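The primary structure of each chain is shown beneath.
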Amino acid sequence: MVISNATAASLKTPTQVVPSSPRSNLKWALHVALWILAGLEFYPMILAIMMSFKSSTQYYIHPFSLTFPLHLSNYSQSFAVIWHYMLNSVAVVGISLIGTLAVSTLAGFVIGRYRFPGRDLLYYMLIALMMVPGVLTMVPMFVLISHFHMVDTWWGLVFPYIAGGEIFSIFLLRQFMMGIPQELFDAAQADGASIWQEFWHIALPSVRPIIGVIAVNHVIGWWNDLIWPSIVISNPKWMTLMPGLYNFTGQNQTDVGPLMAGYVLGSIPLVILFLFTSRLFVEGMNSGAFKL
Amino acid sequence: MAMTRSASPRPKPRRLRRQPLWLIYGFMFPAVALALIFDYYPALSGLYLSMTNTLEIGITSQFIGFSNYVSLFTNPIFLDSLWHMAVLAVAGVIIGTVVPFTVAEMIFHLGSQNWRYTYRIVFLLKMLIPGMVVVEVWGYIMGVNGVLDQVVRFLGLPGGNISWLIDQHTALAAIIFIGFPWVAGIGILIYYAGLVGIDPEILDAASVDGSRGLHRIWHVDVPLVSGQVKLIVILSAIGSFQGYFAQFLLTQGGPGWATQVPGYFMYLNAFKYGEMGMASAIGVFLFVLILSLTIINMKFIRSSQDYQAQ
């Protein structure tokens, strides 16, 4: 290999050596084009960050460029309003996530590992719901949660989130439960493990990677959800972040700085989450491709 | 067939020790109960609601058969909204199919694995940003004297100094333009996985035949990722039929009803006009539309799983 390379190099006449081959030119062009595309793609975020530091006078004169001094007080001003919504979102997302994971790991476990009458029927009954889009259920769902007196409560978000989230989760978990080696269960049963112990000590640890993927997928969707929570919750006390920011938008049409600061603050938690879960995030986005 | 299968030396799946049935059904119960109450009941009651003259919750209503559907399809606003939905869907499908493929090809043609990974992560990051924030900022970009106006003026093109989203003639196009250059999303991942999955021998054979550059992309790559193309066409169409984020945040279906779409019309009927029955009928209509696409999509679900790659 080394020899043939050396031979090839020695055979090259100076005229054959070009300073940059067309191939590397192409690569440079691709890099430049990709960075331009990325810049355009993230331009709204860059714009929001620049606008978030403006006083209303600065916005009036130079709306879309960086202006000095930076008004950091915009951030404290909007944080004072939205921190409460953020906590509500953390609570709603947290409760929904725990609920979704609990019901879907239990169901996924017995569907994937046991035979019992009606198993396939129940499984297909659940999976068929993947074909029901949110637009069909939104209006009747609101009627339902009004009957349950869940309007203006977190439960009006949590129950629909769990019922919507469990379907795809069960679909994924069943497959992973089926993939766990039988030997693990045989060994546990030889030691006299109960179904709970099998679930808790063997099944759950074995499917941990896919639980992470499911969790990341749902957290992103619920954290960023706007329309359903804005229908269900009108009391600011219980409002989650996106409808909270939406209300904040209505109140701050003239004062863009704090508004944009609110948008930036609202976007940060998921970015921080991403820093810790980038692998799960990429896998989650991949698997989300066949979720409707 | 059955004979050969049983004769094959595949190990028999061993059964788990028997567990009491009530325990197993107990494991299933929460998921099934939630699905029945919060998925099946709303879906079925939506079908029923769409055939009643329900106005607001708690007011008694009557069964009126298909009257809501008849009034919908004679309502000029709804008919226009169907047309807008079709325009947005065609644009969404073209954009959603072509742009991610182009970018996936660009990323694929970089030699370095690290760079390939970096770019995929960079474009995925955008998906973390709340859609509401992105759309609201686009509202500023397309406002009077917004960034778009300044670009138009800088390029010396006609038509500056307008609020693109409020002008009757540009509002629908402006909604399509939101998110330019439309790169971020799972489309890149799907196409990239497809390109990575192409057998290197095919690419070698193509280059021996002198097929390179755009010629190779068109005659070799495109046919080989046709499965991914179909999947993305369906997913983009379904997304366009359901979506009304820009209407909700920026145009409220206006000016007039120039950007009205069925999804947002449903929202308005249910929560602003007090026409729950009518809203449910729109929901059912969209469901049937999406279901027919989903059934087509089912053919590709297996393949879409095959196309997943890290």
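Residues numbered from 1 in each chain as written. Chains lettered and ligands numbered in written order. Predicted model: local features only at pLDDT ≥ 70, side-chain atom pairs only at ≥ 80, totals over all residues. Heavy atoms only, no water.

Let's talk about the overall build of chain B
Moving on, step 1. Within chain B one finds 15 helices and zero strands.
Moving on, step 2. Looking at the 310 residues of chain B, the share that counts as buried comes to 52%.
Moving on, step 3. Considering only intrachain contacts with a sequence separation of at least 6, the fraction spanning at least 24 residues in chain B is 65%.
Moving on, step 4. When the accessible surface of chain B is summed, it comes to about 15100 Å², and 67% of that surface belongs to carbon and sulfur atoms. (Helix = DSSP H or I, 4+ residues; strand = E, 2+ residues; numbered from the N terminus. Buried < 20%, exposed > 50% of the residue type's maximum accessible area, 1.4 Å probe, protein only. Contact = heavy atoms within 4.5 Å. Areas by Shrake-Rupley, 256 points an atom, 1.4 Å probe, with all protein chains shown as cover.)

Quick look at the interface of chain B and chain A
Moving on, step 1. Across the boundary between the two partners, chain B contributes 97 residues, which contact 105 residues of chain A.
Moving on, step 2. Interface area, chain B with chain A, both sides summed: about 9300 Å², of which 78% is carbon and sulfur.
Moving on, step 3. Seen at the junction of chain B and chain A, the total is one salt bridge.
Moving on, step 4. K126 of chain B is the partner of E41 of chain A in a salt bridge, and the nearest nitrogen-oxygen pair spans 2.6 Å.
Moving on, step 5. Element by element, the count of residues in the side of chain B that touches chain A is highest for helix α2 (residues 21-49) of chain B, at 22 residues. (Buried area = accessible area lost by both parts, 1.4 Å probe. Salt bridge = Lys/Arg side-chain N within 4 Å of Asp/Glu carboxyl O.)

Topic: the environment of G262 of chain A
Residues and elements named next belong to chain A.
Moving on, step 1. Within the secondary structure layout, G262 lies in helix α14 (residues 256-287).
Moving on, step 2. Note on G262: relative accessible area 0%, which makes it buried.
Moving on, step 3. As a C-alpha pair, G262 and Q77 span 185 residues in sequence and 8.9 Å in three-dimensional space.
Moving on, step 4. Every residue in contact with G262, bar those within four places of it in the chain, is listed here: S78, I82 and L245.

Points about empty space enclosed by the protein
All names here are of chain A.
Moving on, step 1. Scanning the model with the defined rule gives three cavities of 30 Å³ or more in all.
Moving on, step 2. As a volume, the second largest cavity reaches approximately 60 Å³.
Moving on, step 3. Lining the second largest cavity we find S89, V92, V93, L157, Y161, W222, W223, D225, P229, T240, L241 and M242.
Moving on, step 4. When residues of the lining of the second largest cavity are traced back to their parent elements, those giving at least two are α5 (73-113), α8 (155-178), α11 (208-223) and α13 (241-251). (1 Å grid on protein atoms, 1.4 Å probe; cavity = no way out; pocket = protein on both sides within 12 Å on 5 of 7 lines; lining within 4 Å. Points joined across faces, edges and corners; volume = space filled by probe spheres on them.)

A few points about the packing of α5 of chain A against α2 of chain B
Moving on, step 1. Orientation of α5 of chain A relative to α2 of chain B, taken along the N-to-C sense of each, is 130°, at an axis distance of 8 Å. The angle between α5 of chain A and α2 of chain B places the two elements in the oblique class. Viewed along their axes, α5 of chain A and α2 of chain B form a crossing whose handedness is left-handed. Contact residues: α5 of chain A offers V103, L106, A107, F109, V110 and I111 of chain A, while α2 of chain B offers I24, F27, M28, P30, A31 and L34 of chain B.
Moving on, step 2. Partitioned by chemical class, the residues of the contact of α5 of chain A with α2 of chain B number twelve nonpolar, no polar and no charged. (Axes fitted to C-alpha atoms, helices over the stretch in contact; angles between N-to-C directions. Parallel < 35°, antiparallel > 145°, perpendicular 65-115°, else oblique. Left-handed = near helix turned anticlockwise from the far one by under 90°. Nonpolar A, V, L, I, M, F, W, Y, C, P; charged D, E, K, R; others polar.)

Some points on unusual backbone geometry
The bulk of non-glycine residues show a negative phi, and the bulk of peptide bonds are trans.
Moving on, step 1. Residue F180 of chain B is joined to P181 of chain B through a cis peptide bond whose omega torsion reads 5°.
Moving on, step 2. A positive phi angle is found at D152 of chain A, which is not glycine, with a value near 65°.
Moving on, step 3. Following the sequence through the fold, D152 of chain A ends up in the loop between α7 (134-147) and α8.
Moving on, step 4. Classification of D152 of chain A as partly exposed rests on a relative accessible area of 23%.
Moving on, step 5. Positioned with a positive phi, Q252 of chain B is a non-glycine residue whose angle comes to about 50°.

Some thoughts on the packing of α8 of chain A against α11 of chain A
All names here are of chain A.
Moving on, step 1. Where α8 meets α11, the axes come as close as 10 Å, and the angle between the chain directions of the two elements is 160°. With respect to α11, the element α8 is oriented roughly antiparallel. For the element pair α8 and α11, the recorded crossing hand is right-handed. Where α8 abuts α11, its residues Y161, G165, S169, L172, L173 and F176 lie against I210, I211, I214, H218 and W222.
Moving on, step 2. Tallied by class, the residues present in the contact of α8 with α11 amount to eight nonpolar, three polar and no charged.

Let's talk about the pattern of salt bridges
Moving on, step 1. With the rule as written, the count across this model stands at three salt bridges over all chains.
Moving on, step 2. Notably, a salt bridge pairs R119 of chain A with D120 of chain A, separated by 3.2 Å at the nearest N-O pair.
Moving on, step 3. One salt bridge in this structure joins D221 of chain B and R216 of chain B, with 3.0 Å as the shortest N-O distance.
Moving on, step 4. What makes D221 of chain B buried here is its relative accessible area of 0%.

Re the side chain of N88 of chain A
Residues and elements named next belong to chain A.
Moving on, step 1. Within the element layout of this structure, N88 appears in helix α5.
Moving on, step 2. What makes N88 buried here is its relative accessible area of 6%.
Moving on, step 3. For N88, the side chain forms a polar contact with the main-chain oxygen of K237, separated by 2.9 Å.
Moving on, step 4. In this structure, N88 is in contact with W154, P236, K237, W238, M239 and T240, ignoring residues within four places of it in sequence. (Polar contact = N/O pair within 3.5 Å; in protein donor to acceptor, adjacent residues only side chain to side chain.)

Here's the deal with the confidence of the model for chain A
All names here are of chain A.
Moving on, step 1. Per-residue confidence for chain A gives a mean pLDDT of 83, with 88% of residues at or over 70.
Moving on, step 2. Taken element by element, chain A is modelled with least confidence in helix α1 (residues 2-11), mean pLDDT 39, and with most confidence in helix α12 (residues 227-232), mean pLDDT 94.
Moving on, step 3. This model gives residues 1-19 a pLDDT under 50, and the stretch forms two contacts once residues within four places in sequence are excluded. (pLDDT = per-residue confidence, 0-100.)

Things to note about the packing of aromatic side chains
All names here are of chain B.
Moving on, step 1. Counted according to the given criterion, the structure contains 38 aromatic pairs over all chains.
Moving on, step 2. Summarising the aromatic geometry, the rings of F101 and Y191 are spaced 5.3 Å apart at their centres and angled 75° between planes, so their arrangement reads as edge-to-face. Within this pair, whereas F101 is found in helix α4 (residues 76-108), its partner Y191 is found in helix α9 (residues 186-196), the two being separated by 90 residues in sequence.
Moving on, step 3. Residue Y191 is classed as buried on the basis of its relative accessible area of 0%.
Moving on, step 4. Note on Y264 and Y267: the rings are 5.7 Å apart at their centroids and 15° apart in plane angle, and the pair reads as stacked. Taken as a pair, Y264 and Y267 lie in helix α14 (residues 262-271) at a separation of three residues, close to a single helical turn.
Moving on, step 5. Since its relative accessible area comes to 3%, Y264 is described here as buried. (Phe/Tyr/Trp six-rings, centres within 6.5 Å; stacked < 30°, edge-to-face > 60°.)

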